[in-house]
Amino acid sequence: EDYIVQWANYLGFKRQSYKDVLNEAADKGTYTHQSIEDYIKNNKELDIDNMPVQFRDPVSNAYESFRLWWDIIIKNDYKVIYQEFPLVCEWFGGTLDLLMKINGKIYLFDFKTSNHPSYKYFLQLSAYTYMLKLLYNIDIDGCGIIMLNKECVHFDEIMVDLSNEYDKNFIEHCNEAFFSL
């Protein structure tokens, strides 16, 4: 995509390797996801001492952003169905972040530590929705992207309500786009 080339050129002018920057961002996301998994599965708090110093502030902010979101979720009747769960069908695969039942409805969530949402995130959720139905006969009621801020403690929740016809059509169009690729 054009913006990737522009970004890579910008980094080149600053004498930074785009690969190093991408790897560092991926590492921050990995540490954040692992922290979330440890908390949900084992009620284990963030272990900041066992990560490189340059990741501590951004990962801590993203983790605390997750905790803000989680503290809202657990005020409901909830049950974790799957977490960090691999989904693989004949054509593609991936690992869903979190599938939960909340107040009797099933929701699929994906945690992101990037700075802005992308249409690709919804293609990913639509693919997971497809595989949940295909492989496990699970119909979901909604899905969401949880944007976890690395600069400060804040989250944004972008939800798709599949009982809403507009949102349902949106996910179906995402599926069509994904399969056309």
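If you're wondering where the values come from, they're calculated on a predicted model, not measured in any experiment.

Some details on the overall build of the chain
So, point 1. A count of helices and strands for the chain gives 5 helices and 5 strands.
So, point 2. Traced from its N-terminal end to its C-terminal end, the chain shows the element sequence α-α-α-β-β-β-α-β-β-α.
So, point 3. Counting across all 181 residues of the chain, residues that qualify as buried make up 41%.
So, point 4. Taking the contacts inside the chain whose residues are at least 6 apart along the sequence as the reference set, 58% of them involve residues at least 24 apart.
So, point 5. On the chain, roughly 10,800 Å² of surface is accessible, and the fraction owed to carbon and sulfur atoms is 50%.

Let's talk about the sheet that holds strand β1 (residues 78-88)
So, point 1. Strand order in the open sheet made by the 5 strands is β1-β2-β3-β4-β5, with mixed pairing throughout. The open sheet has two edge strands with one neighbour each: β1 and β5 (155-161). Across the sheet, the mean angle from the axis of one strand to that of its neighbour is 25 degrees, orientation sign disregarded.
So, point 2. Judged from the 5 bridges that link them, strand β2 (residues 93-102) and strand β3 (residues 105-112) form a sheet pairing that is antiparallel. Residue Leu 98 lies in a different strand from β3, and its bridge partner there is Phe 109.

Looking at the environment of Phe 179
So, point 1. Of note, Phe 179 is situated in helix α5 (residues 165-180).
So, point 2. Residue Phe 179 is classed as partly exposed on the basis of its relative accessible area of 40%.
So, point 3. Along the chain, Phe 179 and Leu 123 lie 56 residues apart, while their C-alpha atoms are 9.4 Å from each other.
So, point 4. Other than its neighbours up to four places away in sequence, Phe 179 contacts Phe 92 and Tyr 130.

Remarks on the pattern of salt bridges
So, point 1. Across all of its chains, the model carries 5 salt bridges by this definition.
So, point 2. Between Arg 67 and Glu 45 there is a salt bridge, and its shortest N-O distance comes to 2.8 Å. With Arg 67 in helix α3 (residues 53-73) and Glu 45 in the loop between α2 (18-42) and α3, this residue pair connects regions lying 22 residues apart in the sequence.
So, point 3. A relative accessible area of 42% means that Glu 45 is categorised as partly exposed.
So, point 4. Here Asp 110 ties to Lys 112 by a salt bridge, and the two come within 2.8 Å at their closest N and O atoms.

Quick look at the nonpolar core
So, point 1. Formed by 26 residues in total, the largest nonpolar core has its most connected members in Leu 96, Leu 99, Leu 108, Leu 132 and Ile 140.
So, point 2. Only β1, β2, β3, α4 (119-136), β4 (142-148) and α5 provide two or more residues apiece to this core.
So, point 3. The greatest single-element share of this core, amounting to 8 residues, is contributed by α4.
So, point 4. With sequence-adjacent residues up to four places away left out, Ile 140 is seen in contact with Leu 99, Ile 106, Leu 108, Thr 129, Leu 132 and Leu 162.
So, point 5. Among the nonpolar cores identified, the runner-up in size contains 22 residues, and Tyr 39, Trp 70, Ile 73 and Leu 148 belong to it.

Quick look at α3
So, point 1. Taking 1.5 Å per residue as the helical rise, α3 with its 21 residues ought to reach 30 Å, and the 30 Å between its terminal C-alpha atoms agrees with that figure.
So, point 2. When the local axis directions of α3 are compared, the greatest deviation, roughly 25 degrees, occurs at Val 59.
So, point 3. Restricting attention to buried positions, one finds in α3 the residues Phe 55, Pro 58, Val 59, Asn 61, Ala 62, Tyr 63, Ser 65, Phe 66, Arg 67, Trp 69, Trp 70 and Ile 73.

Rules of the game
Residues numbered from 1 in each chain as written. Predicted model: local features only at pLDDT ≥ 70, side-chain atom pairs only at ≥ 80, totals over all residues. Heavy atoms only, no water. Helix = DSSP H or I, 4+ residues; strand = E, 2+ residues; numbered from the N terminus. Buried < 20%, exposed > 50% of the residue type's maximum accessible area, 1.4 Å probe, protein only. Contact = heavy atoms within 4.5 Å. Areas by Shrake-Rupley, 256 points an atom, 1.4 Å probe, with all protein chains shown as cover. Pairing = 2+ DSSP bridges. Axes fitted to C-alpha atoms, helices over the stretch in contact; angles between N-to-C directions. Salt bridge = Lys/Arg side-chain N within 4 Å of Asp/Glu carboxyl O. Core = buried A, V, L, I, M, F, W, Y, C linked by side-chain atoms within 4.5 Å. Expected span 1.5 Å × (residues − 1). Bend = angle between axes of the 7 residues up to and from the residue.

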